[in-house]
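Observations on chain architecture
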Amino acid sequence: EVVSGNDYRVRLTRVGETEVVYDSGNLILSPERNQLFLLHDYFGPGDVPVRVAAVVNGATTALVNESLPVDLRLVNLISNVPSIDLYFGDVNDAPEFDDVDLGEVSDFVTFDPIAVPINVTPGDDNLTFLLEQTLTLSAGQVRTLVVAGDPMSDVGIASRSILEDTRPVATALKVQMVHTA
């Protein structure tokens, strides 16, 4: 679909249907060169069955404006704090993850892609900051954010954002381990 000028958009529907199952967002195509696109299976968050990638110089790259969600879950491994809350930015708003107990792995929550400052606080105490940092959630990703440490120690609290591989493998069992000591 031509949007305006040299701006284009790739939208996919199922055969015989009008509902869009994939939207690339705006693309700028150069009239001087041919562009090759690759349609491939998608195993990320949301109901999108496929994804489109651009093939440039023999490598595939994601389309930067595609509209795909992000799934994130939180793992609390912070000792000496019974539960934690995680906020995107303002701690006066409701937390994105509320009262995640020590040792608990939350359910996945779906968000729009974003680079956002996060604040981790003890559960129900939004005035005490255990961790402040920026978290980048890119389109189509499934991530686990592990926060660990001891607020009473000199080392404090650290986090690791782990990209999950959600592609199913019929002949293998995938195991992912994180060392937090």
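Summarised in this report is the structure supplied together with it. The structure presented is a predicted model; accordingly, all values stated were derived computationally and were not measured. (Residues numbered from 1 in each chain as written. Predicted model: local features only at pLDDT ≥ 70, side-chain atom pairs only at ≥ 80, totals over all residues. Heavy atoms only, no water.)

Structural notes on the overall build of the chain
For the chain, the count of helices and strands is 0 helices and 14 strands. Each helix (α) and strand (β) of the chain, taken in turn from the N terminus, gives the series β-β-β-β-β-β-β-β-β-β-β-β-β-β. Over its C-alpha trace the chain gives a radius of gyration of 20 Å, far above what one expects of a compact globule, namely 16 Å for 181 residues. By principal-axis analysis of the C-alpha atoms, the chain measures approximately 60 × 45 × 35 Å. By sequence separation, contacts in the chain at least 24 residues apart represent 49% of the contacts at least 6 residues apart. Accessible area for the chain stands at about 11000 Å²; split by element, carbon and sulfur atoms hold 51% of it. Where the 10 positive side-chain charges of the chain centre and where its 27 negative ones centre are 14 Å apart. (Helix = DSSP H or I, 4+ residues; strand = E, 2+ residues; numbered from the N terminus. Rg over C-alpha atoms; globule rule 2.2 N^0.38 Å. Contact = heavy atoms within 4.5 Å. Areas by Shrake-Rupley, 256 points an atom, 1.4 Å probe, with all protein chains shown as cover. Lys, Arg positive; Asp, Glu negative; His and termini not counted. Charge placed at Lys NZ, Arg CZ, Asp CG, Glu CD.)

Overview of the side chain of Arg-143
Secondary-structure assignment places Arg-143 in strand β13 (residues 142-150). Although Arg-143 is buried, it forms no salt bridge, and the closest oppositely charged side chain is Glu-164 at an N-O distance of 8.3 Å. A distance of 2.8 Å separates polar atoms of two side chains, one belonging to Arg-143 and the other to Gln-141. Setting aside anything within four residues of it in sequence, one finds Arg-143 in contact with Asp-71, Leu-72, Arg-73, Phe-108, Thr-136, Leu-137, Ser-161, Ile-162, Leu-163 and Glu-164. (Buried < 20%, exposed > 50% of the residue type's maximum accessible area, 1.4 Å probe, protein only. Salt bridge = Lys/Arg side-chain N within 4 Å of Asp/Glu carboxyl O. Polar contact = N/O pair within 3.5 Å; in protein donor to acceptor, adjacent residues only side chain to side chain.)

Considerations on the pairing of strand β6 (residues 59-62)
In this structure, strand β5 (residues 50-56) lies alongside β6, joined through 4 bridges in antiparallel fashion. Following the sheet pairing, Val-56 is matched in β6 by Ala-59. Between the end of β5 and the start of β6, which pair antiparallel, lie 2 residues, with Asn-57 showing a positive phi angle near 50°. (Pairing = 2+ DSSP bridges.)

Description of the packing of aromatic side chains
By the definition in use, this model includes 2 aromatic pairs. Ring geometry for Phe-88 and Phe-111: centres 4.8 Å apart, planes at 45°, overall tilted. Residue Phe-88 is found in strand β8 (residues 83-88), and its partner Phe-111 is found in strand β10 (residues 109-111); the two are separated by 23 residues along the sequence. One aromatic cluster is present, formed by Phe-88, Phe-97 and Phe-111 through successive ring pairs. (Phe/Tyr/Trp six-rings, centres within 6.5 Å; stacked < 30°, edge-to-face > 60°.)

As for unusual backbone geometry
Even without being a glycine, Asn-80 presents a positive backbone phi close to 65°. Relative to the assigned elements, Asn-80 resides in the loop between β7 (70-78) and β8. Of note in the backbone geometry, Asp-99 takes a positive phi value of approximately 50° without being a glycine. Since its relative accessible area comes to 30%, Asp-99 is described here as partly exposed.

Some details on a nonpolar patch on the surface
Taken together, the side chains of Leu-173, Val-175 and Met-177 present a nonpolar region at the surface, about 430 Å² in accessible area. One can find Met-177 in the segment after β14 (156-163). (Patch = residues over 30% accessible without salt bridge, like charges linked within 9 Å, V, L, I, M, F, W, Y side chains within 5 Å.)

Overview of the sheet that holds β7
Ordered by their spatial adjacency, 4 strands build an open sheet running β10-β7-β13-β14, and the pairing between neighbours is mixed. Either end of the sheet is taken by a strand with one partner, and the two such strands are β10 and β14. When the angles between neighbouring strand axes are averaged without regard to direction, this sheet yields 30°. By the bridge criterion, 8 bridges tie β13 to β14 in an arrangement that is antiparallel. Bridging across to β14, Arg-143 finds its partner in Leu-163. (Axes fitted to C-alpha atoms, helices over the stretch in contact; angles between N-to-C directions.)

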